[in-house]
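# Coordinate analysis (summary)
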Amino acid sequence: MMSRTLRRIAPQLVTLAVLAALISVVFPGFLEISVSDGRLVGPVIDILKRGATVALLAIGMTLVIATRGIDLSVGATIAITGAVAAWSISNGLGLAGALSLAIAVGLVAGLWNGVLVAIIGIQPIVATLILMTAGRGVAQLITEGRILTFSHDGLAFLGSGDVLGIPVPALLWPVTGIAVALLMRRTALGLLIEAIGINRRASALAGINARLLLIAVYMTSGLCAALAGIITAADIRGADANNAGLWLELDAILAVVIGGNSLMGGRFSVAASLFGAMIIQTIDTGILLAGFPSEYNLVIKAALVVAILVLQSPRLASTWIYWGMRLRNRRAADAARIREAGE
Amino acid sequence: MKRLLTMTVATLALGGAAASAQTVGFSQIGSESGWRAAETTLTQQQAEERGIDLRFSDAQQRQENQIAAIRSFIAQGVDAILLAPVVATGWDSVLEEAQEAEIPVVLLDRMVDSDPSLYLTAVGSDLVHEGEVAGQWLVDTVAGEDCRVVELQGTTGSSPAIDRANGFRAAIEGHDNIEIVRSQTGNFTRTEGKEVMESFLQAENGGADICALYAHNDDMAIGAIQAIEEAGLAPGSDILVVSIDAVPDIFLAMSEGKANATVELTPNMAGPAFDALDAYWNDGTMPPNFIQTESRLYTQSDDPMAEYEARRDLGY
């Protein structure tokens, strides 16, 4: 079981190692981690912390994509839930109240998407596009168009605090990821979701409650976006409805794709998507550390992403397998010939 | 009651100047940022103080809405039109219509690429000059000592980012003690300002090698201030912080000693516009083609708390 997971995420691990080596060339101290004021400090820690939002989104997005859907609304949901959290904390609802309200709003956003997709039957890309465009407006209504700042140490702790020296966001996404992965693989849920993605009608005929599962999957995505929204707002101690989570839905989809999951649905790996998210953040942080002019940021990122996706493509993989087999066959033939010549 | 009294006094004082109530149409881009919301609030305040009847139209980021608004202002026969254009091109025909109706048009904050004869004047800030003021402050403050500066740029390729970068460089030119060692975009947002500042601190020996931060807007500076604090340094003393815009929150940071200076991009574009219009209405004085607003420098000694209080309700 363990070795199968390891083989599944091997391409992502290799990619991360190559990226780390590349960045170490332009920024020698890349892998160094030191302790200052009782907390771990270093570029790697920054990656684990800054990658948290995309990693959280990627968890929900993986499940949605496994059902052959897509959720474009997560960036807007970050803006809404962040605004809700900041609004409720500054109106004296307390930490528990703010968190539960923000999470509830995230679940409602997911419910909305799920109902549109599963019950009304709108294509996922169109159904979630509605909230993607409208959601930011909702967030601006809550913040009244300004950056809603708050001073509450409990909420700020979720963005910039640390436990045992590790930043809270860097702990939040692995915990969420492991919880979701265990829920999927220790129960039949993962299998059922894959069945819906491969053939929804057939799975419904086989007795799977596809509607309920689809709604649950979109609500999970909304929940993950709510967690991401909370740490985004907590990080800067304010909700910026214009910019929070902007375009992050695309990074989340990219993380799922770099994780080797098919956009056609079916088999999925949450762990691989999380490594995909870390690959994206490693590229982002590496570019910042390298000190190139900012005009090059997106070009470098695009070139690296293209290279990663090409190397991971099924066509190239089958070519590799083909050449590997030919090489092995030729070696076997050579060995046989040598044996024959020896006799 | 107190407000009513001051308003009455203001109306009495201005009553002589504005003999008859003028009507002015104002076509605003929208309310995409706090600064623009403040510009709208201040324009309405300025009109009220001068006894001008302001007709406000929010274009929600669409040029066709602005053109429709201007046509409707012309049809209503207003005495002047204020226009904050959403884009630079495509204004010729509607500006000609206003000219034929003999209604002066004043551009606020942004320029158009039409012929200058089609509008009375334009009020705006000089973005290069803002960068120069920030750079000059740093030159004066470090007074010859060596200073390694990190720069948080605006959105790559946007005109504020280009101009504010150039202005700052022009001001520190010839001062070899000041050197920009790292420069990256923070996209004008707090989150990215914080993230990029974290990487600057990593790259520059935990921040020990950084003497000052120059941010192209206050929001990035506020994000960066948090990053500096979380790295265990004191923003404002260990690392000097200078930025541009003068939004309320930077004054709060200044009052706590965490930011050092900001250059104001004033949202009061309407004040100079109404002054120019008053002169034009009274005796036909033609204003210059471009009225540059003041890029005022605020530091910790300018009573930041009072500035914060004065600005917090403007809609930023």
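Here the structure is a predicted model, which means the values were calculated and not measured.

On to the overall build of chain A. Each helix and strand counted, chain A has 15 helices and six strands in total. On C-alpha atoms alone, chain A measures out to a radius of gyration of 22 Å, which is about the 20 Å that the 2.2 N^0.38 rule sets for 343 residues. In terms of overall dimensions, chain A has C-alpha extents of about 90 × 55 × 35 Å along its principal axes. Restricting to contacts in chain A with at least 6 residues of sequence separation, those with at least 24 account for 76%. Carbon and sulfur atoms make up 69% of the accessible area of chain A, which amounts to about 16300 Å² in all. Counting 24 positive and 17 negative side-chain charges, chain A places the centres of these two groups 14 Å from one another.

Broken down by element type, chain B carries eleven helices and twelve strands. With respect to the three principal axes, the spread of C-alpha positions in chain B is 65 × 45 × 35 Å. Considering chain B as a whole, with its 316 residues, one finds that 54% of them fall into the buried category. Within chain B, contacts between residues at least 6 apart in sequence are counted, and of these 74% link residues at least 24 apart.

Domains assigned within chain B are domain 1 (2-125 + 267-285) and domain 2 (127-265). When each unit is reduced to the centre of its C-alpha atoms, the spacing between domain 1 of chain B and domain 2 of chain B is 34 Å.

As a further point, take the pattern of salt bridges. All names here are of chain B. Inspection of the entire model under this criterion finds 31 salt bridges over all chains. The partner of R62 in a salt bridge is E64, with the nearest N and O atoms 3.1 Å apart. R62 sits in the partly exposed class, given a relative accessible area of 45%. Residue R182 pairs with E204 through a salt bridge whose shortest N-O separation is 3.0 Å. Separated by 22 residues along the polypeptide, R182 in strand β7 (residues 178-185) and E204 in the loop between α7 (190-203) and β8 (212-215) bring together distant segments of the chain.

So, about the interface of chain A and chain B. Tallying the contact residues gives 31 residues for chain A and 27 residues for chain B. Note on chain A versus chain B: buried area summed over both sides is about 2300 Å², and carbon and sulfur give 44% of it. Of all residues in chain A, R50, I236 and L288 of chain A bury the most surface against chain B, accounting for 26% of the area lost on that side. The tally of links between chain A and chain B comes to four salt bridges. With a closest N to O distance of 3.7 Å, K49 of chain A and E230 of chain B form a salt bridge. Scanning the region where chain A abuts chain B turns up twelve residue pairs in polar contact (both at pLDDT 80 or more). Listed by contribution, the elements that provide at least two residues to the side of chain A that touches chain B are β2 (39-41), α2 (43-50), α11 (210-236) and α13 (270-290) of chain A.

Looking now at the packing of α7 of chain B against helix α8 (residues 218-230) of chain B. Two quantities define a packed helix pair, namely the angle between the helix axes and the distance between the axes. All names here are of chain B. Viewed as axis vectors pointing N to C, α7 and α8 meet at an angle of 45 degrees, and their least axial separation amounts to 7 Å. The orientation of α7 relative to α8 falls into the category oblique. The way α7 lies across α8 gives a crossing that is right-handed. On α8, the residues touching R190, G193, K194, M197, E198 and L201 of α7 are D219, M220, I222, G223, A224, Q226, A227, I228 and E230. Across the contact of α7 with α8, the residue classes tally to seven nonpolar, three polar and five charged.

This brings us to a nonpolar patch on the surface. All names here are of chain A. Judged by side-chain polarity, V25, V26, F292 and Y296 come together as a nonpolar surface patch covering roughly 400 Å² of accessible area. Within the fold, V25 resides in helix α1 (residues 2-26). For V25, a relative accessible area of 66% gives the class exposed.

Our next topic: the pairing of strand β2 (residues 53-58) of chain B. All names here are of chain B. As paired elements, strand β1 (residues 23-28) and β2 share six bridges and run parallel to each other. Its bridge partner lying in β2, T23 is registered against D53. Chirality of the crossover, the property in question, places the unit of β1, helix α2 (residues 34-49) and β2 among those that are right-handed.

The subject of this paragraph is the sheet that holds β2 of chain B. Residue and element names in this part refer to chain B. Pairing is parallel across the open sheet formed by six strands, whose spatial order is β2-β1-β3-β4-β5-β11. At either margin of the open sheet sits one strand with a lone partner, and together these are β2 and β11 (290-292). For this sheet, the mean angle separating the axes of adjacent strands, direction not counted, is 20 degrees. Sheet topology note: the strand β3 (residues 80-83)/strand β4 (residues 105-108) ladder contains three bridges and is parallel. Residue pairing across strands places I81 opposite V105, the latter belonging to β4. Seen against the sheet, helix α10 (residues 270-283) touches β1, β2, β3, β4, β5 (121-124) and β11 and runs at an angle of roughly 160 degrees to β3.

Conventions and cut-offs
- Residues numbered from 1 in each chain as written.
- Chains lettered and ligands numbered in written order.
- Predicted model: local features only at pLDDT ≥ 70, side-chain atom pairs only at ≥ 80, totals over all residues.
- Heavy atoms only, no water.
- Helix = DSSP H or I, 4+ residues; strand = E, 2+ residues; numbered from the N terminus.
- Rg over C-alpha atoms; globule rule 2.2 N^0.38 Å.
- Contact = heavy atoms within 4.5 Å.
- Areas by Shrake-Rupley, 256 points an atom, 1.4 Å probe, with all protein chains shown as cover.
- Lys, Arg positive; Asp, Glu negative; His and termini not counted.
- Charge placed at Lys NZ, Arg CZ, Asp CG, Glu CD.
- Buried < 20%, exposed > 50% of the residue type's maximum accessible area, 1.4 Å probe, protein only.
- Domains from an automatic or database assignment.
- Salt bridge = Lys/Arg side-chain N within 4 Å of Asp/Glu carboxyl O.
- Buried area = accessible area lost by both parts, 1.4 Å probe.
- Polar contact = N/O pair within 3.5 Å; in protein donor to acceptor, adjacent residues only side chain to side chain.
- Axes fitted to C-alpha atoms, helices over the stretch in contact; angles between N-to-C directions.
- Parallel < 35°, antiparallel > 145°, perpendicular 65-115°, else oblique.
- Left-handed = near helix turned anticlockwise from the far one by under 90°.
- Nonpolar A, V, L, I, M, F, W, Y, C, P; charged D, E, K, R; others polar.
- Patch = residues over 30% accessible without salt bridge, like charges linked within 9 Å, V, L, I, M, F, W, Y side chains within 5 Å.
- Pairing = 2+ DSSP bridges.
- Right-handed = clockwise from strand over helix to strand, strands pointing away.

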